[in-house]
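Understanding the architecture of this molecule
The lines below spell out each chain.
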Amino acid sequence: MPSSSPSDISQDRVVFRAMTADDIEQAHALSAELRWPHRPTDWAQVFAHAEGTVAEQAGQIVGTGLRWRWGKQHASVGLIIVSPAHQGRGIGRQLMDALLEGLDDHTVLLQATEAGRPLYENLGFEVTGGVRQHQGIATPTPLIAQPPGWRMRPAGLNELAALQSLDAAARGMPRPALIETLLASAEACVVLDHEQTPRGFAMLRRFGRGHVIGPVVAPDVEGAKALIAHLAGQNAGHFTRIDVDATAGLGDWLATIGLAEVDAPTTMVRGKPLAYPDSGPALFAITTQAIG
C-alpha cells in the first residue's frame, strides 16, 4: 500500500494515498455517483477491517479501492471505483497496483463487473465462478420444515467461534473479526442445527436501500432455502437483497419470494485456488460483493 506521502502521477496532479476514516464521506459520494447503494454506515463498517487507497485531485477523491487481509494467506479487494469523469486515465490500474502490493503470496478474491474484468485478467486474476444479485420487496414466505434431527434457532453471542469456523470452511479463508462484527450488528442471525451441532447460519443486516441476507452458510441447498426463507419472511414487505453463488440453484426460487435477479458479477481469484473441505458447509450467499 502507498505511504501517506502522495506522489504525482500525471500533469493533472492526481495523487494516490492511504485512505482514512475522514475520507468516508467523499468515498460515499463517489459510490452514490455510480448509483451504488452503500450508505456511509456501510462504508464505515467495511473500512473498519480494511486498508484503502484513494486517488485524489485538488482535494477531491476521484477513485477508491479497499483490501481486506484474512489471515496470512488470503485477502479480498473491492469498492474499486473511479469517477466517470476520470475514467480512461489508468487510475483503476494504479489503484489495483496499490491494493495488490505485498500480496504476491496471497490468494486474492474479488467480484468483477463486466467493465472491470479485462483489467483484473491482465493482473493475473482468473474466473472461478459468479454471483447472482437478487433483490426486491420480500413477500411473506412459508417456513420450510426441517427433517428429523434438524432445527433452526436464533444464534447467541456465546457461539461466535462456531459461526467463525463455519464461515472459514465455507468461504475458504478465515475471517473471524468480520464475523464477530456482523454478528454483533445483525438484526437477526439464525443457526441450522443437526443433533445440537451448528451446521449452518444466516444473517439479516441493514445495508444499502434496506436489508441484505448474508452470509448464508448451509450444508445443502435445502438448508440454505430454510435459512433464507426464515429471514426473508421476517423481512416481508421490506426491500431485501441477497447475493448468491451462481451455481447454488436458488435463482428461480428467490424470484418466487419477490427477489428478482438484477446483476451477475464474476468471481475471480489470483494466486492459489481457495481450498474447501471435501464435505462440509458451503457458502450460498456472500456477505457483500466488496468483501465476498
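Basis of the calculations
Residues numbered from 1 in each chain as written. Predicted model: local features only at pLDDT ≥ 70, side-chain atom pairs only at ≥ 80, totals over all residues. Heavy atoms only, no water. Helix = DSSP H or I, 4+ residues; strand = E, 2+ residues; numbered from the N terminus. Buried < 20%, exposed > 50% of the residue type's maximum accessible area, 1.4 Å probe, protein only. Contact = heavy atoms within 4.5 Å. Areas by Shrake-Rupley, 256 points an atom, 1.4 Å probe, with all protein chains shown as cover. Lys, Arg positive; Asp, Glu negative; His and termini not counted. Charge placed at Lys NZ, Arg CZ, Asp CG, Glu CD. Salt bridge = Lys/Arg side-chain N within 4 Å of Asp/Glu carboxyl O. Core = buried A, V, L, I, M, F, W, Y, C linked by side-chain atoms within 4.5 Å. Arc of directions from axis to C-beta. Axes fitted to C-alpha atoms, helices over the stretch in contact; angles between N-to-C directions. Parallel < 35°, antiparallel > 145°, perpendicular 65-115°, else oblique. Left-handed = near helix turned anticlockwise from the far one by under 90°. Nonpolar A, V, L, I, M, F, W, Y, C, P; charged D, E, K, R; others polar. Polar contact = N/O pair within 3.5 Å; in protein donor to acceptor, adjacent residues only side chain to side chain. Pairing = 2+ DSSP bridges. Right-handed = clockwise from strand over helix to strand, strands pointing away.

Regarding the overall build of the protein
- Each helix and strand counted, the protein has eight helices and 15 strands in total.
- For the protein, the proportion of its 292 residues judged to be buried stands at 51%.
- In the protein, once contacts between residues fewer than 6 apart in sequence are set aside, the share between residues at least 24 apart is 72%.
- For the protein, the exposed area adds up to about 13100 Å²; of that, 50% sits on carbon and sulfur atoms.
- Of the charged side chains in the protein, 23 are positive and 30 negative; the average position of the first set lies 1 Å away from that of the second.

Points about the pattern of salt bridges
- Tallying each qualifying case throughout the model produces 15 salt bridges.
- R17 is paired through a salt bridge with D23; the nearest N and O atoms lie 2.8 Å apart. A single burial state applies to R17 and to D23, both of which are buried.
- A cluster of three or more residues bridged by salt bridges with shared partners is formed by R151, R153, E159 and D193.

Some words on helix α3 (residues 91–100)
- By the criterion of burial, α3 is predominantly enclosed, with seven of the ten residues buried.
- Among the residues of α3, those classed as buried are I91, G92, L95, M96, A98, L99 and L100.
- Just beyond α3, the residue with positive phi is G102, at close to 80°.

With respect to the nonpolar core
- Among the nonpolar cores identified, the biggest contains 38 residues, and M19, W43, L66, W68, L163, F201 and M203 are the most heavily contacted of them.
- Looking at this core, the elements with two or more residues in it are α1 (24–33), α2 (40–47), β4 (60–70), β5 (74–82), α5 (160–171), α6 (176–185), β9 (188–194) and β10 (197–207).
- Not counting residues within four places of it along the chain, the set of residues in contact with F201 comprises L163, L166, D167, C189, V190, V191, P215, V216, V217 and L227.
- Judged by nonpolar contacts, the second largest core, of 25 residues, contains I228, L231, I242 and W253.

What to know about α6
- When we look at burial in α6, the residues that qualify are L178, I179, L182 and L183. With its buried residues spanning 130° around the axis, α6 presents them on a single face.
- Those residues of α6 that are buried lie in contact with α2, β4, α5, β9, β10 and β11 (210–218).

Observations regarding the packing of α1 against α2
- Relative orientation of the contacting elements α1 and α2 amounts to 120°, with a least axis distance of 9 Å. By the angle class used here, α1 and α2 are oblique. The handedness of the crossing between α1 and α2 is right-handed. Of α2, the residues touching α1 (which contributes I24, A27, H28 and S31) are P40, W43, A44 and F47.
- Class assignment of the residues belonging to the contact of α1 with α2 gives a composition of six nonpolar, two polar and no charged.

Notes on the packing of α5 against α6
- Running from amino to carboxyl end, α5 crosses α6 at an angle of 125°, the nearest separation of the two axes being 9 Å. The angle between α5 and α6 falls in the class oblique. Here α5 runs over α6; the crossing is right-handed. Together, L160, L163, Q164 and D167 of α5 and P176, I179, E180 and L183 of α6 make up the contact between the two elements.

Structural notes on the side chain of S76
- For S76, the location among the structural elements is in strand β5.
- A polar side-chain atom of S76 sits 3.2 Å from the main-chain carbonyl oxygen of I291.
- Apart from residues lying up to four places away in sequence, S76 is in contact with L66, R67, W68, W70, L109 and I291.

Re the environment of A85
- Checked against the element boundaries, A85 lands in the loop between β5 and α3.
- Sequence separation between A85 and V62 is 23 residues, and the spatial gap between their C-alpha atoms is 8.5 Å.

Re the pairing of strand β12 (residues 239–245)
- Among the seven residues of β12, six are classified as buried, and the element is accordingly described as predominantly covered.
- The pairing of strand β7 (residues 126–137) with β12 spans seven bridges and is classified as antiparallel. Each residue of the ladder has a partner; that of Q133, found in β12, is D243.
- Bridge count for β11 against β12 is two bridges, and the pairing is parallel. Along β12, the bridge assignment pairs V212 with R241.
- In this fold, β11 hands off to helix α7 (residues 221–234), which returns the chain to β12; that crossover is right-handed.

Topic: the pairing of β5
- Most of β5 is tucked away: nine of the nine residues are buried.
- Strand direction decides the pairing type here: β4 and β5, joined by seven bridges, are antiparallel. Directly across from W68, in β5, lies its bridge partner S76.
- If you look at the hairpin formed by β4 and β5, you'll find three residues sitting between the two strands, and G71 has a positive phi there, around 70°.
- Following the chain from β5 across α3 to the adjacent parallel strand β6 (residues 107–112), one finds a crossover that is right-handed.

Honestly, that's just the spatial picture; any functional story needs more than this.
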